[in-house]
Amino acid sequence: MMMLFHEHDEDPKMRPKPISPEKRENIKAHMAAGLLQAYRYFREHRRVSPAAHTSETRRNASKIGRNDSCPCGSGKKYKRCCGGVRVN
């Protein structure tokens, strides 16, 4: 693939040696076959349970309410301490 990509590169050092039209078609056929095999492989291996695609948020601790005491220990309500929106 890189050989075909660099075929018309401005830098002569990057250009590969010229190839025949038959060899070009052979390279393209092998690239297409390889892509098809890769697609089939990954199609088979991506089948997972529907539960793996859920977007539910997982929490280890319970949710802090706005009127609960702040977990930082200040004694203030959460909405007046760490949970408050501050615009500077």
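These remarks concern the structure in this document. Note that the structure is predicted; figures quoted are calculated from it, not measured.

### Considering the overall build of the protein
Here is step 1 of the chain: Assigned secondary structure in the protein consists of 2 helices and 0 strands.
Here is step 2 of the chain: Expressed as a percentage of its 88 residues, the buried residues of the protein come to 6%.
Here is step 3 of the chain: Taking all contacts inside the protein whose residues are at least 6 apart in sequence as the whole, residues at least 24 apart take part in 10%.
Here is step 4 of the chain: For the protein, the exposed surface amounts to about 8500 Å²; the carbon and sulfur share of it is 53%.

### Examining the environment of Cys 82
Here is step 1 of the chain: Take Cys 82: it is sitting in the segment after helix H2 (21–45).
Here is step 2 of the chain: Linking Cys 82 and Pro 71, residues 11 residues apart in sequence, is a C-alpha distance of 8.5 Å.
Here is step 3 of the chain: Not counting the four nearest positions on each side in its chain, Cys 82 is found in contact with Cys 70 and Cys 72.

### Overview of the packing of aromatic side chains
The geometry of an aromatic ring pair is captured by two quantities: the separation of the ring centres and the angle between the planes.
Here is step 1 of the chain: All chains considered together, the criterion is met by 1 aromatic pair.
Here is step 2 of the chain: Considering the side-chain rings of Tyr 41 and Phe 42, the 5.0 Å spacing of their centres and the 85° angle between planes classify their relative orientation as edge-to-face.
Here is step 3 of the chain: On the basis of relative accessible area, Tyr 41 is assigned to the partly exposed category, the value being 45%.

### A short note on the state of the cysteines
Here is step 1 of the chain: Inspection of the entire model under this criterion finds 0 disulfides.
Here is step 2 of the chain: Cysteine Cys 70 is unpaired, with the sulfur of Cys 72 as its nearest cysteine sulfur at 3.5 Å.
Here is step 3 of the chain: Here Cys 70 falls in the buried class, since its relative accessible area comes to 6%.
Here is step 4 of the chain: Unpaired in terms of disulfides, Cys 82 finds its nearest cysteine sulfur in Cys 70, a separation of 3.6 Å.

### Observations concerning the environment of Lys 28
Here is step 1 of the chain: Within the secondary structure, Lys 28 is located in helix H2.
Here is step 2 of the chain: Distance from Lys 28 to Leu 4, taken between C-alpha atoms, is 9.3 Å for residues 24 residues apart in sequence.

Rules and cut-offs
Residues numbered from 1 in each chain as written. Predicted model: local features only at pLDDT ≥ 70, side-chain atom pairs only at ≥ 80, totals over all residues. Heavy atoms only, no water. Helix = DSSP H or I, 4+ residues; strand = E, 2+ residues; numbered from the N terminus. Buried < 20%, exposed > 50% of the residue type's maximum accessible area, 1.4 Å probe, protein only. Contact = heavy atoms within 4.5 Å. Areas by Shrake-Rupley, 256 points an atom, 1.4 Å probe, with all protein chains shown as cover. Phe/Tyr/Trp six-rings, centres within 6.5 Å; stacked < 30°, edge-to-face > 60°. Disulfide = S-S within 2.5 Å.

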